[in-house]
Amino acid sequence: MADKTFLNWPFFKEHHRAHASDLSAWAGSALVAVDHTDNDQACRDLVRAMGDAGWLMPSAAPDGAPLDVRTLCLTRETLAYHDGLADFAFAMQGLGTGAISLFGTDAQRAEWLPLTRKGEAISAFALTEPQSGSDVANSTLTAARDGNDYILNGEKTWISNGGIADVYTLFARTGDAPGARGLSAFIVSADVAGLEVTERLEVIAPHPLATLRFTDCRIPASAMLGQSGQGFKIAMSVLDVFRSTVAAAALGFARRALDEALSRVTTRHVQGAPLFNLQMVQGHIADMALDVDAAALLIYRAAWTKDSGAPRITREAAMAKLFSTDQAQQVIDKAVQLHGGDGVKKGVKVEELYRDIRALRIYEGASDVQRVVIARQVIADHQGG
Ligand code: COS
């Protein structure tokens, strides 16, 4: 039984506690046996089921209100506890439309957000390119102005939901300036002529993932999000919000690993006594519980800070993501170890968690990038102060 006492922390309001409790009850029955055989279909089904049940509503803000980061984090934590693919499906509805929620016009929000919040359209965030993952300012896909249109040419890769998305938030170079200042953000419907999926990528925790090629794709200038040249800042602002939620997903995986480990060490006997009686095992359990609580504190500190009106939570979100994803890996590794041979057996939950956690230390800003972000913020604060 997952520890819920953190919900009593002062970071939360009553509606957050009710949300966590209701979603947990829903997930406990709806996500017990998600069929992962066909991940595209599983994702579509999960988006539809979560949309029907109303759980996608917090993923976007059709009225332009700020996103409730605590609700996003609680949702990802809860879904990840039950099923990694359900968490992925929810997360992408948010990340894929985050720029529309935060920077879209009324008309742009009205076109897509009611659909993605009901699970009637699937969204994706198209930022990474073959030559630019961490170094976003080096993006090369071009959007050239042509009358009232832009023409897109180039490639994006590692695009989650690539191949099944209905709409992409795309970052492209509009040529206004070099580096970070030359990027702009666009809304691109998946049915635009000239957009093709050139490769489907297979990874250790399978989910829809693709490389996309844009060849002379014509999109209206009205598809631009925010102003020309604002793309980098839009991407970073969206990542500020969603990096905390990646941390929350890692926390959900870690909580589940801790629970699985507790079940194991209290029921498995060695030399006539439960494994838990061994002090070495108690040491592992203590370290796991400590990592879980420390991660939760960093995550909900970041989320509460943003919800309290902070314009940027770059440092807080980076700390939450770095610590929570790295430590969740440690927690899950210990859970596998405590399961002995069963820990690496297909179909055993901790084996699935072991695969699920790894990519979270890489996507939406690798651990190394988070260290760079934290160090830059700390030195800027020091010099400013
Ligand atoms: N919010 C708003 N603005 C931001 C910002 C943020 N979180 N972070 C940076 N900016 C602004 C800066 O203030 C700067 O503005 P000015 O030019 O007006 O001063 C501009 O954006 C450029 O910032 P910076 O100089 O820090 O850019 P860098 O090219 O050095 O990039 C890193 C810094 C590496 C931190 C950035 O590229 C990054 O986060 N990379 C990881 C990308 C990622 O997560 N990829 C995964 C894709 S999604 S799976």
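Just so it is clear, the model here is predicted, and its values are computed rather than measured.

Student: Could you clarify how one ought to interpret the overall build of the protein chain in this entry?
Tutor: For the protein chain, the helix and strand inventory stands at 10 helices and 10 strands. Computed over its C-alpha atoms, the radius of gyration of the protein chain comes to 21 Å, within 12% of the 21 Å expected for a compact globule of 385 residues. Overall, the C-alpha framework of the protein chain stretches about 80 × 55 × 40 Å when taken along its three principal axes. Within the protein chain, buried positions represent 54% of all 385 residues.

Student: Can you walk me through helix H9 (residues 349-358) in this structure?
Tutor: Three- or four-residue spacings in an α-helix give side chains the same orientation, since the helix completes a turn every 3.6 residues. Burial in H9 covers these residues: Lys349, Val350, Glu351, Leu353, Asp356 and Ile357. Looking at the packing, one finds that the buried side of H9 touches helix H3 (69-82), helix H4 (84-103), helix H6 (231-267) and helix H8 (314-338).

Student: How should I be thinking about the nonpolar core in this particular structure?
Tutor: One recurring pattern in soluble globular proteins is that nonpolar side chains are buried together. Counting residues in hydrophobic clusters, the biggest one holds 116 residues, and the most contacted among them are Met50, Leu152, Phe214 and Tyr300. In terms of residues, this core owes the most to one element, H6, which gives 18 residues. In this structure, Tyr300 is in contact with Phe6, Phe11, Phe12, Arg70, Cys73, Leu74, Glu77 and Leu251, ignoring residues within four places of it in sequence. Core analysis: the second largest hydrophobic core is formed by five residues, Ala318, Leu322, Val373 and Ile374 among them.

Student: What exactly am I supposed to notice about the environment of Gly272 here?
Tutor: Following the sequence through the fold, Gly272 ends up in the loop between strand S9 (269-270) and strand S10 (273-274). Residue Gly272 is classed as exposed on the basis of its relative accessible area, which comes to 74%. Through-space distance from the C-alpha of Gly272 to that of Lys334 is 23 Å; in sequence the pair is 62 residues apart.

Student: Just checking my understanding: could you explain the pairing of strand S7 (residues 209-220) for this structure?
Tutor: Successive residues of a regular strand alternate their side chains across the two faces of the sheet. Taken together, the nine bridges between strand S3 (residues 149-160) and S7 define a ladder with antiparallel strand orientation. Each residue of the ladder has a partner; that of Ile159, found in S7, is Ala210. Inspection of the sheet shows strand S6 (residues 195-200) paired to S7 by five bridges, in the antiparallel sense. Along S7, the bridge assignment pairs Glu199 with Thr211.

Scoring rules and cut-offs
Residues numbered from 1 in each chain as written. Predicted model: local features only at pLDDT ≥ 70, side-chain atom pairs only at ≥ 80, totals over all residues. Heavy atoms only, no water. Helix = DSSP H or I, 4+ residues; strand = E, 2+ residues; numbered from the N terminus. Rg over C-alpha atoms; globule rule 2.2 N^0.38 Å. Buried < 20%, exposed > 50% of the residue type's maximum accessible area, 1.4 Å probe, protein only. Contact = heavy atoms within 4.5 Å. Core = buried A, V, L, I, M, F, W, Y, C linked by side-chain atoms within 4.5 Å. Pairing = 2+ DSSP bridges.

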